Every structure is written in C-alpha cells, then in structure tokens.
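Residues per chain are reported as follows:
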Amino acid sequence: MEKQYLYKRLLILPFIWISIAFVHALIYDLLPGSPEAWLIVDDLDYAWTSDRRYSALVILGCVLKGNLGNSLFMHKPVLDLIKAHLPLSLQLSMSAFGVTYVLGMLQGVGLYKQHRFSQYLQVFFSGYATLPSFLLFTFLFVLSMNMGVQIMAYRFPLAIVFLSIRRIAPLARLMASCLRTEGEKPYIAESRHRGVSSWRIWVFCLLRNALIPVWIKAPKQFCHLLFSACIVVEMLFSIKGYGWLSFIAIKQLDYPLILGCILTQSIIISLGYFLGEVLQLWLSPQIRRGLYD
Amino acid sequence: MIRYLKYWLLLGGIVLCLPLLLNDTPLLIIHPNGVFFPIAQHYTEAAFGGESTLLMDYSAPETKSLFSSSMIIKAPYPYGLKPVLPIHVQSAPSRLHPLGTNTNGQDILALSIYALCQNSFMALTLTLLSAGIGTIIGVWSSIKGGWVRRWNQVLMEIVRSMPLALVIVISHQKTSWFIGLFCLTQWSRYAQLVGQHTTELLCTTYVTDALQSGQSIGMITKIHLIPHLLNRWEKQLPYTFASYLALLQGLAYFGVWVGDQYPQLGMIAQQTKQHPQGLGILLIIGFCFIASQRLATYIFR
C-alpha cells in the first residue's frame, strides 16, 4: 500500500515539472521583450514569425529535449551556467545544514534538560532569527569598516554562520518538544523502573523515536536552505553560487536563465519533498501501521 | 475577521494621515489673498503675491516675506520625503534632524516612520489576502477531496515555483499588479496548512456525527471547522507577516521593490553603508522591524 502511494507520487512528478515549464514559458511568452534575443530554439523564425500563441509550446518542446538555450546576458549555455554555479551553493548549504542540525540537536537536548545556558542561548538565537539577514549583515559590515576589519575576507565561514544560526532556534524547539512528548510516554518510565541504564534509554528509546520528526523535516529544510536562504546570503557576501545566478537572472530578465533556474529548483525541491515522504513512511511506524490498517 | 479588518483600516488610516504629521509643506495658510491648502494643491508664487509664476517653495528663505501677515499651520514634524537643502546631505543627528539625513538629503526619521507604516500596511494586506485565499481553497479542496485535492496539490507545486522577485519584476513596480500576482502565487502556504487541519477535523467524532445527522456541509464548516481553524490560523499569521515584511525589505535592499513613491526600510539600510552614523541608523531600523513584529503579534493575538 505504501509502495503504491510512493509510485503514484513519483509518477505525478514529471507532470508537475512539465506544467511548471509550460506555465513559465507562457509567462515569458506574454511578457514584453525582444523575441529576437530569445535564442532557445534552432527554429527561431518559426517560433516568432508564426502565430505568437504557439511559441510557448515550441519553448516547452525544446526544454523537454533538454535544450535550455543560452543566457541572454552571459552568452553561455544555461545548463553549463547552472552546472558551474550549483556546486558552490551545495557546498555552502550542506555545511550550514550540518552545523544547524548538530548545534540544533545539542541545543534541543539542553532545552529538554532545562539547562540555564541553553535557555539563554535560545533567547539569543530566537532574537537573531527575528531580524532580517540584510540588516544584520549591514550592521556587521559598518561595524567592521569602523574597526578596520575586512569581513569579506572571511565570507564563506560567515555565510555559513548567517545561514545556520537563524535555523537553530526552531530546530531546538522542535527537538525539545519531541523529547518531552517521548519522555512522558509510559514505556520510558517503565524502562527506568526496570533498571535500564540511562544511556540505553536515551539512545535506543528517546533519541531514536524523538528524532523521527526532525529527520522527516530534514530534506525540506535542506531544499529551503539551498534555494531560499542561499539567495540572500550569496547576494550579501557576493558568493557566486546558484542563488546569486538566479537573482541576477531575474533582475536582468534573462528569460532562458530564469526558466532554467526555476526548473532546476522545482525538480530538486520536488525530489526533496518526495524524499521527506519516503523518510516519513520508513521511519514512522505509526504511519506504516495506519496505512496497513 | 472583523477585528483584522478593523486593524487593517486603522493602519491604512495612519498611512493616509502621515502626510499631515510629517511634512515640510504647510497644511493650511490663511493669507490676505485667501485660504490655501498647500498639502492638497500646488500653488505658484503669484498666488501669494509674488512675482514668479513658478511653483511655490515654502522652505526657501526668499519667500518668507510673502507670509509676513499670514497664519500658517504646519505639520508637527517639519520634514517629509522631499530632500532638504544640499548642505544637509549625510548630516549627523542634530536638533533639526534627530537621526540625521541620508545621501539624498532626506530626513531619516521621517523616512523611517513613513517606511515602517507603509511597509507594515503592505505586509498586513498581503498576509490577510493570501491567508484568506489560501484558507478558502484549502478548506474547499479538503471537503471535496478526491480529484479536487489532487489537482490542488499539483497547482500548489506550480504556484510555489514562482519566485517573489520575479513577481515584483513582472508587475513593473505597479502596486495593484503586484498585490494581485502576489496573492495568486502565495496562497499555497495557507492552503496546505488549512487543508491538513481540515482533514484532521473532518475525521473527528463530532463532525462525523454532524454529517451523519444530515447537517449541510456549509453549516458544519461554519459551526465546527472555522472556529478550530481560526485558532491555528491565528498562530501562524504573525510569522507570515514577519516573513513577508522581511522578504519585501530584503528585495528592496537589493534594488527590487514595489512602488517608486514609497520609501523602503531595505533601501534605507542599504544607504547606511556610506553614512557616518550608519550604526545608529541601523539600530533604529532594527527597532522598526521589531516594532512591526510586536504590532503583528498584538493584532493577531
């Protein structure tokens, strides 16, 4: 039953990607601009001298063949640009993701055990998360200029810090809440009563079950980090990754590059969400039992 | 809902009244030549007895003699969005300009108050519209179920793929277009949230009993679903408001904004990089953000 659900989910994904490509091709077709600069098709004349409403279909046809065309302003193939810029963003996101999850889980355990230091840290992380990144970056930039320090020399580590710190507070809250819910269950008290050692209760009972919601959210968090958060941080720190590329494309209305970036993003996000559902079915025995029932 | 509308109207009223409170143009002039409303209409120097037919500059020292026997009612704070004299560009905080002036010579305190009120009003409008549309779609698709729900999920995926920066660029900085396109692309967050909760509520015993007893789905939605949904909906609204405000100002920081005539907190933050008192101004902008989030928590409590 669960495999059937996953197969259905997987089968619908290509339909979603094609729909996204068609909707965006239609939008770009309807937007004002110079059609002669749209280099996506070999049969360019056919696309733009024929009835205008068919050009979105021609663009879609080329996209389905894997031809995303050339960037209007960078004069390079869109796929090559995405391949060149995506690894840096992946590196940045994975580093930030690792830092967030390690520190977030430690902070969550500290909050569950009600350590005073963890509570103070939580106030700091929550306060940090309320202010936008651009404001904090500008503050740091102006402060460093006044002190004569070049913060752009440490842009990569600082970008990781900026990306990870604002995500620690919600993760820690989730972790603490899951530990509290799990800790109140009767089998934990029973295990303690029967003399099971504390570390065994922690590792095999509490953490194993409390971490399920945390791991289920992980793929979605990673996708959000890669595509939403990275754009702002890469623009602030001038890191020429995927986020920088997509923002520049949007600002310049570089249609082929925008379409390529959006398609890449949609494919990776859909697969990330799908992976989240696979993890949910694999890790959560309740959902598996519910499906079988 | 009436409560939210009340606060929306109140914030809208404050935005409309800002020119009466922060303006370098006088509000009312009772002159021997008549009664004038410079805030509503442009007048030439000739209207006040001057020789020139150019537009009246009320702050110029040369024109003060024209108002020697007039009564002038000015705004409580005598600076607005217009630049002051060039010598006041990037000036430090002083008695005249409590937060100093920016690179364009505009008073930063006036800019910050205008930006805070207008940006908060825009974010509140977008929050309520997108939450309302998403709620209606989410509840409807959950109640209908089946192919309606599946198509709704596909539509949500398509709509989620549209980046906000592209929406602003497509709308060519026109506010009405932007609000329309924004609501068309941002409803999916609430549709998903409300859809999940509606599905949970439809499985509860009192709703199934109500369905079996023959109550119409409209009555069940009104009596059972909406009160529970509102409770969870309201908890999410302050975060949505804060995220929309931060998102719009982040884009304004990078030069992508809506409405040329509206000041943006992000733009003010960008200008502080070159300002000698940048740190102080950034603290004020940070305070503006925290104030707007507190406002949202108060409205949606």
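Residues numbered from 1 in each chain as written. Chains lettered and ligands numbered in written order. Predicted model: local features only at pLDDT ≥ 70, side-chain atom pairs only at ≥ 80, totals over all residues. Heavy atoms only, no water.

(A) Region of the structure containing the overall build of chain A. For chain A, the helix and strand inventory stands at twelve helices and zero strands. Along chain A, helices and strands appear, N-terminal first, in the series α-α-α-α-α-α-α-α-α-α-α-α. In chain A, buried positions account for 47% of the 293 residues. Excluding contacts between residues fewer than 6 apart, the proportion of contacts in chain A whose partners are at least 24 apart in sequence is 74%. On chain A, roughly 15200 Å² of surface is accessible, and the fraction owed to carbon and sulfur atoms is 65%. (Helix = DSSP H or I, 4+ residues; strand = E, 2+ residues; numbered from the N terminus. Buried < 20%, exposed > 50% of the residue type's maximum accessible area, 1.4 Å probe, protein only. Contact = heavy atoms within 4.5 Å. Areas by Shrake-Rupley, 256 points an atom, 1.4 Å probe, with all protein chains shown as cover.)

(B) Structural detail: the packing of helix H7 (residues 205-212) of chain B against helix H8 (residues 217-253) of chain B. Residue and element names in this part refer to chain B. Interaxial distance between H7 and H8 falls to 10 Å at its minimum, and their mutual angle equals 170°. By the criterion of interaxial angle, the relationship of H7 to H8 is roughly antiparallel. Contact residues: H7 offers Tyr206, Val207, Ala210 and Leu211, while H8 offers Ile217, Ile220, His224 and His228. The residue makeup of the contact of H7 with H8, split by class, is six nonpolar, two polar and no charged. (Axes fitted to C-alpha atoms, helices over the stretch in contact; angles between N-to-C directions. Parallel < 35°, antiparallel > 145°, perpendicular 65-115°, else oblique. Nonpolar A, V, L, I, M, F, W, Y, C, P; charged D, E, K, R; others polar.)

(C) Here's a closer look at the sheet that holds strand E1 (residues 28-31) of chain B. Residue and element names in this part refer to chain B. Pairing is antiparallel in the open sheet, where three strands are placed in the order E2-E1-E3. The sheet is open, and its two edges are formed by strand E2 (34-36) and strand E3 (71-73), each paired on a single side. Between one strand axis and the next, the sheet turns through 10° on average, direction left out of account. Looking at chain direction, E1 and E3 are connected through three bridges and run antiparallel. If you follow Leu28 over to E3, its bridge partner there is Ile73. (Pairing = 2+ DSSP bridges.)

(D) View of the nonpolar core. In this structure, Phe237 of chain A together with Phe178 of chain B are the most contacted members of the largest nonpolar core, which totals 131 residues. At 18 residues, the largest contribution of residues to this core is made by helix H9 (residues 198-237) of chain A. What Phe237 of chain A contacts, discounting residues up to four positions off in sequence, is Phe137, Met152, Arg155, Leu158, Ala159 and Phe162 of chain A. (Core = buried A, V, L, I, M, F, W, Y, C linked by side-chain atoms within 4.5 Å.)

(E) Quick peek at the side chain of His85 of chain A. All names here are of chain A. One can find His85 in helix H4 (residues 78-112). Exposure remark for His85: the relative accessible area of 12% places this residue in the buried category. Here the side chain of His85 touches Leu81 through a polar contact of 2.9 Å, landing on its backbone oxygen. Apart from the residues within four sequence positions on either side, His85 is in contact with Lys240, Gly241, Tyr242, Trp244 and Leu245. (Polar contact = N/O pair within 3.5 Å; in protein donor to acceptor, adjacent residues only side chain to side chain.)

(F) Molecular detail of the packing of helix H1 (residues 2-21) of chain B against helix H10 (residues 278-299) of chain B. Residues and elements named next belong to chain B. Between H1 and H10, the least distance of the axes is 10 Å, while the angle of their chain directions is 145°. Seen from H1, the contacting residues are Arg3, Tyr4, Tyr7 and Leu11; seen from H10, they are Leu295, Tyr298 and Ile299. Class assignment for the residues of the contact of H1 with H10 results in six nonpolar, no polar and one charged.

(G) Seen up close, the interface of chain B and chain A. With 33 residues of chain B in contact, the opposing surface of chain A contributes 35 residues. Around 2900 Å² of area is buried between chain B and chain A when both sides are counted, 82% of it from carbon and sulfur atoms. It is Glu157, Phe254 and Leu279 of chain B in chain B that bury the most area against chain A; as a group they hold 22% of the surface buried on that side. Where chain B meets chain A, there are zero salt bridges. Viewed at the interface, chain A and chain B are joined by two residue pairs in polar contact (both at pLDDT 80 or more). Taken together, the elements giving at least two residues each to the side of chain B that touches chain A come down to helix H3 (146-160), helix H4 (164-170), H8, helix H9 (265-271) and H10 of chain B. Broken down by element, the residue count for the side of chain B that touches chain A peaks at nine residues, all from H10 of chain B. By residue class, the composition of the side of chain B that touches chain A is 21 nonpolar, ten polar and two charged. (Buried area = accessible area lost by both parts, 1.4 Å probe. Salt bridge = Lys/Arg side-chain N within 4 Å of Asp/Glu carboxyl O.)

(H) Just a nonpolar patch on the surface, in detail. All names here are of chain A. Residues Phe22, Val23, Leu26, Leu30 and Leu57 make up a contiguous nonpolar surface patch of roughly 420 Å² in combined accessible area. Counting residues per element, the nonpolar patch draws most heavily on helix H1 (residues 2-30), at four residues. Within the secondary structure, Leu57 is located in helix H3 (residues 55-64). The class of Leu57 is partly exposed, set by a relative accessible area of 46%. (Patch = residues over 30% accessible without salt bridge, like charges linked within 9 Å, V, L, I, M, F, W, Y side chains within 5 Å.)

(I) Examining the packing of aromatic side chains more closely. This model, assessed by the stated rule, comprises 27 aromatic pairs over all chains. For the pair Tyr101 of chain A and Trp215 of chain A, a centre-to-centre distance of 5.8 Å together with 20° between the ring planes defines the contact as stacked. Placement of the pair is Tyr101 of chain A in helix H4 and Trp215 of chain A in helix H9, with a sequence separation of 114 residues. Centroid distance Phe134 of chain A to Tyr253 of chain B: 5.0 Å. Interplanar angle 35°. Geometry classified as tilted. Of this pair, Phe134 of chain A sits in helix H6 (residues 133-147) while Tyr253 of chain B sits in helix H8, on two different chains. For the pair formed by Phe134 of chain A and Tyr253 of chain B, the shared burial category is buried. (Phe/Tyr/Trp six-rings, centres within 6.5 Å; stacked < 30°, edge-to-face > 60°.)

(J) Focus on unusual backbone geometry. Residue and element names in this part refer to chain A. A positive phi angle, close to 55°, is found at His75, a residue other than glycine. Among the structural elements, His75 can be located in the loop between H3 and H4. Judged by its relative accessible area of 62%, His75 falls in the exposed class. Unusually for a residue other than glycine, Ser238 sits at a positive phi of about 50°. For Ser238, the position within the fold is in the loop between H9 and helix H10 (242-252).

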